[in-house]
Every structure is written in C-alpha cells, then in structure tokens.
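Overview (structure and organization)
Each chain is listed here by its residues.
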Amino acid sequence: MAPKLQTSLMPPAFTTIPKTTPFSPSDAAAVLTLAKPGEVHVVTAAPGQGKSTKLREEIAARIKAGDLTQVLWAVQSIRGDDSLGKEALDHFGTLSVDAEIVFGLADLGHDQVLYNSQFTWPSKAIVKIVSHARLPMIFGDGSEVSTRFKDADLLVIDEDPSGSMLLASVNEPAAKGSRKPDRRLILAELAKSSNPVCVALAELADRVEAGTVYGVETFGPVKRFNKGHGLYGRALGSYLAALHPVDTTSLTAALSAGRLLSVETAQLVAQAIYEDAAVAAARPGSFERSRVGLHWRGSLPLAGPGSLRFNLRPPLTFHQPLILLDGYADAAYYASLFQGLAVTLHTFDPGPVLEVEYLKALHIDPAKNGKAVGRQRRIMVAEEIALQKKALVGRDQLVITSKALRDSGKEWFSLVGDAFTRHAPGLNRPSEMHWHAGRGLNTFSGFDVYALNPPTLSPMYAAYTLAGVILDDGRERARLAVHAQGSELLQMLNRGRQPDPSHGVHKPRIILATSEQEIADMLGPLIGKVKLRFFKPTLHFRKRNSRARWREMTAVLGEELLTHFPEGLPVALIGGLPKYVPKNKGEQRAEHLLSLLAARCGLGSELYAAFHDTASWLYGDVHPGGGSNNTMMLDEAMEDLGLSTEGVKPKVYLPGTPGANKQLALDRYMRFVTCGETACLPPVKGWP
C-alpha cells in the first residue's frame, strides 16, 4: 500500500504572538522555552536584527547547562567560506560549543565510511550543521543513514527551507556533454509498461502536440525562449477523472521500472494521481489541483517529448521542537507546509522602511554578456559604479548580479576592472554576489548595494512548486507567489543592512536596476517596506541601448564646447568632433580648428584627450558615429545637457541662458571657421 500523502483540506491553523520590539536575547530564550516537541515556532524579524546570532548564543548557554545535547542547525548552503553553514560553524566555535558540518557523499570524495561516520551522535553535546536539502532524508520515511538524526533534541531551520522540503520531478534533460542520464519521466517511455494510466497520459500528450487538446499554459514569452508548457489543473481535470479509480500498485511498478524514481517516490506519485483523479471525478468543473501534470519544454509548437511532472509534499515527521527563522515569513504558508503540526508565528520589529533608488538603465541582461549587443551599455554601467566609488571614497560597494555574470572569466568582470582602472585607480573594486546568495549574512553590512539584476522566481513557481503545498486554492497559490517574489527582493535589498546602527557615518545606499512600476509589481503588498526615489547617475543614460557610450561621449564633449560657444552649438560644429564622420568641407574645417582649440585646453580637458590622447581617453574605444542614423541620439545627448533644438537647416542646439539665440550661435561659428585661427575665440583659462 502506498504511503499516505498529506492531503488534508482543512484550513491550516496557526497562532501569532506579536511584538513590536527588535528581536532580543530574552526573546530567543522565550521562544526556546515555549517550543515543545512536535511544535513549529517561526520567528520573523527584519534582516540584521540578529535572529540567528542570538538564538545560537541561547542554544550554547543551554548546551553548557546540560539542557541540550543533540542539536541540528539547518541552512541553505554549507559549502564555501561565505556560506551560512560556515558562519554558524565559526560562531559556535567562538561560543566554545562543539559543532561540525555534515557534508554530502560527493564532497567527501565518495568515501562511504567517512560519510556514514558523520551520522553518529557522540557522547558529548554537539551541534550538527546540515543543509536544507538533507531535511527530507532525515525526517522522511526512507532508510538513508541520515535518519539517525531524526531524534535530535532540537531542530533550527535558518531561512525558508520549502524549496528543499518539497519533492519535484526533473523537467529538464541532462546538460549537453553530460554523462548523466535524462531523468525526465517521458510519457512515451512510460507507456511501454502497458500500465493503463501511463498509456492514457501518453495518448493525451500526443493529442496535445497534435493541437486537438486545449488549455496548455505557456510559461514565458511565446515568441522567445520560454521556460516550458504545462497541462494541469482544470484543463487536466476531466482527463484525470476518466482514470478513476487508479490502481496504485501497478502504477508504482510502472513509474519505478526504469529506476528514474525510487520505489518510495513512485509510491507517492501514484498515490497523488489516485487522490487527484478521485477529486477530479467528484468535483468536475472546479478542479484546481496542479501537483501532477504534463510538461513540455522548448518553444511552440509543441514537438515533444512530453513528460510526467509532479510537485509533492512528502510526509515528514518531526518529534522535536522546530524553530524556523525567516525575515518575511507568511504564517499561512508555513501552517500549510507543516500541516498537522502546531505552528506559532513570533513577529518582531519589521525594521525601518528601506530607502531605495531605482534606474532601469543600469539593468544588465546576463544572456548578452560577452556579446556585442549591449556591450556599450555594460561599459557605461561599470563606469557609473566606478565614478560613484570615486565620488564617495571610503564607502564599500556590493554589486549584485545574476550568477552568470559573477565568474572572473566573464566579460563583466573585466569591464568592471577596466572601469576602475580608468575612473577610480587605486580604489578597491566592488564585492560581487549573485542575487539568491547571502541570505542572512551580515558580511556586507554598511555597503552601498547596486542590484543590477533583480531576483526573479520561475514563472512556474505558482502553478508547480506551490501546488505541492496548497492543493485546492489557486488564488492562495497566486498570493503566495507574489509574497515569495517580494520577499526575495527585500532580502536582496537588505544585503547592505540599511540603516546600519553601528556605522554612524552614512546610510548605505540601495540602487536597484529596474523601474518604479516593476518594483511595485514585484513587491505587491510589501511595497510599504520601501521608499522609492529616482537614482541620478553621473553619466547620461538613455532608455535605448543602441550606441549608449556614443551619446555619453557626445554629451561630455558638448558640455565642454559650451564653455567656448556659450550662445549655442550648431550641428556643423559638432560634426567636427572626434568619432564623427565629417560630411562636408565645413565640418572638415571645424574638425581641424577644434583640434587646435583642444591643444590649447591641455591635460584634464575632454577635448584634449579626444583629439590628442585617444589611447588613454575614456571613450577611445567608441566607434565613429554621426550622420543621419544618429540624429535622434544626438538630439538626446544635447537634451541631457539642457539644450533645445532650434531650426532644421542649419540646426542649432541652444542653452536656456539669457542671450542665447540661433543667429548669435551661427555668427560665432562662422567667425570660428573663417578666421582660420583660434584667436577669435574667448581666451581659454590658463592660456596667455
């Protein structure tokens, strides 16, 4: 008989103990005292209040008093010096408490003896630090050696563990060149077992691919690469109902035959299909379950192979007190995740409203890293960060990007180094991390945060992942998906721990590379936790990505030209600048005379560098522009300088200062090109 899934339809129950003060050592002691075996106590307080630190200190005190001997501390990551596992290990060490990290078999060189030895409780008190991914191995119904930890005195879970506590199918094939087998449950392969359920689902997949079955959900843009396609919920309900009643014994055998699933997992999947088919038959037209479905990857039209997809909450048994630390916990979610256990939510000071600056133009598309498309924009973003460092010497910086941009061999790493060499020589380049790393760490407290890639949850999170927790309420799944997205964003924005009470010199800045509307959409009901304002960059960014640094270069040179031509800048004069292609003899003459003027300006002048020091000039690598194709970008560059357009032939860009007019600007330009020497210009500062 298949093991019973947790399928209660009763609304989850939980208790809330609210406090408005920051989480304190006495609160840590109170939570530990209240927590009884089989109870879940969720502590939620703003990042940076020391939830983990204070709880570890209280645990250490109780270990020394003899009240605790076997403690499990679960974290998201255990590898690396910047992991939460290493932080916990070091902290327990400073508290004179024995602790050790439990590693995976691969981490130990596949030494089975060494691996097994980790799961023996010594005679002395100790804290075993495990990853979230090990929790199902410890508290599930399997026979893995990890179950020796099941009777720990106390379990503490640091940060949301739900991604590791749920059981999910493999929906992607093995990477190209990998020796690992394709672990997807391909329906055509399952049908070879002749099991009626597998055969029926394979035939349904064929009909979907033939276009005779409707209701397939596409995750992501249809015309671009998308994350996948799924048939589930109401669209699948009538087909599941036709399978009722399901023979779980034969279905388990079919699912485990290819050894892609263990017998235990196959039993859970078979039981889920049995239960969902029964519900679909009993409630036609209102079936909302999506923990089991059909899945395709790739673009439209669907070409197969379709696979069986599942997202389940396996039965986990917790006999000890369980304390969970989460900065933005949702009580209803944890009550559903730990259904059957008494859940108490302890709320503390939610923290101050974060002051966030935003600018969409700083966003970097990781898919374009290393490609010519958007490279000029990426250079500008790196230069902006370097210029901010130069303007605010002494302030540390943390740049948060997609994981794809972090590696030292990536183009982005080189662009940042080049920008700091040019703009901030001798100053440290920023620290970098990817957006889903560093939750709970105080390493970057007081740093200015530049979040160039806002965190994104998979578009399948609501329909697939949450389906294993919230069975029959699609609206609740959608609400929790918004909350999860907002929580991820707030966790990322809190990396600099703004404000940092111990810093006292400045309030760390938070700059987010997205728009005000996108921030509102991501945060949803959590929008009240931030105060937004526009980020004013040093460089001239525009919404359009094409030739971004060409526009920036033009604006920089135009600003200096205005000191010599205060009445306005004729287009013919700008045509004589470097990186332009002179279209007539007049512009060629202007180019020659501007070169003479630049020589008089000397070092430190952008004009001088443009004409006479191109090799070290910041914009030396910009490709030549100008001409009709760049008219709009030239207008934008001049608009950034506060200049307005006057006339067409000839066109002049006029400042808003008194006395500026088109005719005066043209008169000065004509004197410049006809005089034959720079003496007709106002004296240059420092020139006799």
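This text gives an overview of the structure that appears in the document.

Cut-offs applied
- Residues numbered from 1 in each chain as written.
- Predicted model: local features only at pLDDT ≥ 70, side-chain atom pairs only at ≥ 80, totals over all residues.
- Heavy atoms only, no water.
- Phe/Tyr/Trp six-rings, centres within 6.5 Å; stacked < 30°, edge-to-face > 60°.
- Helix = DSSP H or I, 4+ residues; strand = E, 2+ residues; numbered from the N terminus.
- Buried < 20%, exposed > 50% of the residue type's maximum accessible area, 1.4 Å probe, protein only.
- Pairing = 2+ DSSP bridges.
- Axes fitted to C-alpha atoms, helices over the stretch in contact; angles between N-to-C directions.
- Contact = heavy atoms within 4.5 Å.
- Core = buried A, V, L, I, M, F, W, Y, C linked by side-chain atoms within 4.5 Å.
- Expected span 1.5 Å × (residues − 1).
- Arc of directions from axis to C-beta.
- Parallel < 35°, antiparallel > 145°, perpendicular 65-115°, else oblique.
- Left-handed = near helix turned anticlockwise from the far one by under 90°.
- Nonpolar A, V, L, I, M, F, W, Y, C, P; charged D, E, K, R; others polar.

Regarding the packing of aromatic side chains
Scanning all chains against the criterion turns up 16 aromatic pairs. Judged by centre distance (5.9 Å) and plane angle (85°), the ring pair of Tyr232 and Tyr464 falls under edge-to-face. Within this pair, whereas Tyr232 is found in the loop between strand 10 (228-231) and helix 9 (234-241), its partner Tyr464 is found in the loop between strand 18 (448-451) and helix 15 (474-493), the two being separated by 232 residues in sequence. A relative accessible area of 17% means that Tyr232 is categorised as buried. Classification of Tyr464 as buried rests on a relative accessible area of 3%. With a centroid separation of 5.9 Å and an interplanar angle of 70°, the aromatic rings of Phe318 and Phe338 are classed as edge-to-face. With Phe318 in the loop between strand 12 (307-312) and strand 13 (322-325) and Phe338 in the loop between helix 12 (331-337) and strand 14 (342-347), the pair connects residues that are 20 residues apart, well separated along the chain. Residue class for Phe318 comes out buried when judged on its relative accessible area of 6%.

Focus: the sheet that holds strand 17 (residues 431-434)
Strands sit in the order 17-16-18-19-15-20 across an open sheet of 6 strands; the sheet is parallel. This sheet does not close on itself; its edge strands, each paired only once, are strand 17 and strand 20 (530-534). Taken over all neighbouring pairs, the strand axes of this sheet differ in orientation by 25° on average, direction set aside. Pairing geometry for strand 16 (residues 397-401) and strand 18, over 4 bridges, is parallel. Within the sheet, the bridge partner assigned to Ile400 lies in strand 18 and is Ala451. Against the sheet, helix 15 contacts strand 15 (354-358), strand 16, strand 18, strand 19 (510-512) and strand 20, and its axis sits at roughly 135° relative to strand 19. Contacting strand 15, strand 19 and strand 20, helix 16 (residues 516-523) runs over the sheet at an angle of about 165° to strand 20.

A closer look at the sheet that holds strand 4 (residues 99-101)
The sheet built from 8 strands is open, its strands ordered 1-14-2-13-6-3-5-4 with parallel pairing. Two strands close off the open sheet at either side, each with one partner strand: strand 1 (14-18) and strand 4. Averaged over neighbouring strand pairs, the angle between their axes works out to 20° when direction is ignored. Here strand 2 (residues 39-44) runs beside strand 13; their pairing, made up of 4 bridges, is parallel. Each residue of the ladder has a partner; that of Val42, found in strand 13, is Leu324.

A few points about the nonpolar core
Counting 63 residues, the largest nonpolar core has Leu362, Trp412, Leu452, Leu569 and Met638 as its most contacted members. At the level of secondary structure, the elements contributing two or more residues to this core comprise helix 13 (375-391), helix 14 (411-423), helix 17 (548-561), helix 18 (571-574), helix 19 (585-601), helix 20 (606-612), helix 21 (631-640) and helix 22 (662-675). For this core, the element with the most residues is helix 13, which contributes 7 residues. Core analysis: the next-biggest nonpolar cluster, separate from the first, contains 40 residues, Val40, Phe119, Phe139 and Leu345 among them.

Some details on helix 14
Between its terminal C-alpha atoms helix 14 stretches 18 Å, which fits the 18 Å expected from 13 residues at 1.5 Å a residue. Taken as a whole, helix 14 has its buried residues at Glu411, Trp412, Leu415, Val416, Ala419, Phe420 and His423. One side of helix 14 carries all its buried residues, which in axial view fall inside an arc of 165°. Buried residues along helix 14 sit against helix 13, strand 16 and strand 17.

Details of the packing of helix 1 (residues 25-34) against helix 2 (residues 51-64)
Remark: helix 1 packs on helix 2, axes separated minimally by 9 Å, with the N-to-C direction vectors making an angle of 60°. When the interaxial angle is binned, helix 1 and helix 2 end up oblique. Between helix 1 and helix 2 the crossing geometry is right-handed. Each of Pro25, Ala28, Ala29, Leu32 and Thr33 in helix 1 lies in contact with helix 2, whose residues at this interface are Lys54, Leu55, Glu58, Ile59 and Arg62. Split by residue class, the contact of helix 1 with helix 2 holds 6 nonpolar, 1 polar and 3 charged.

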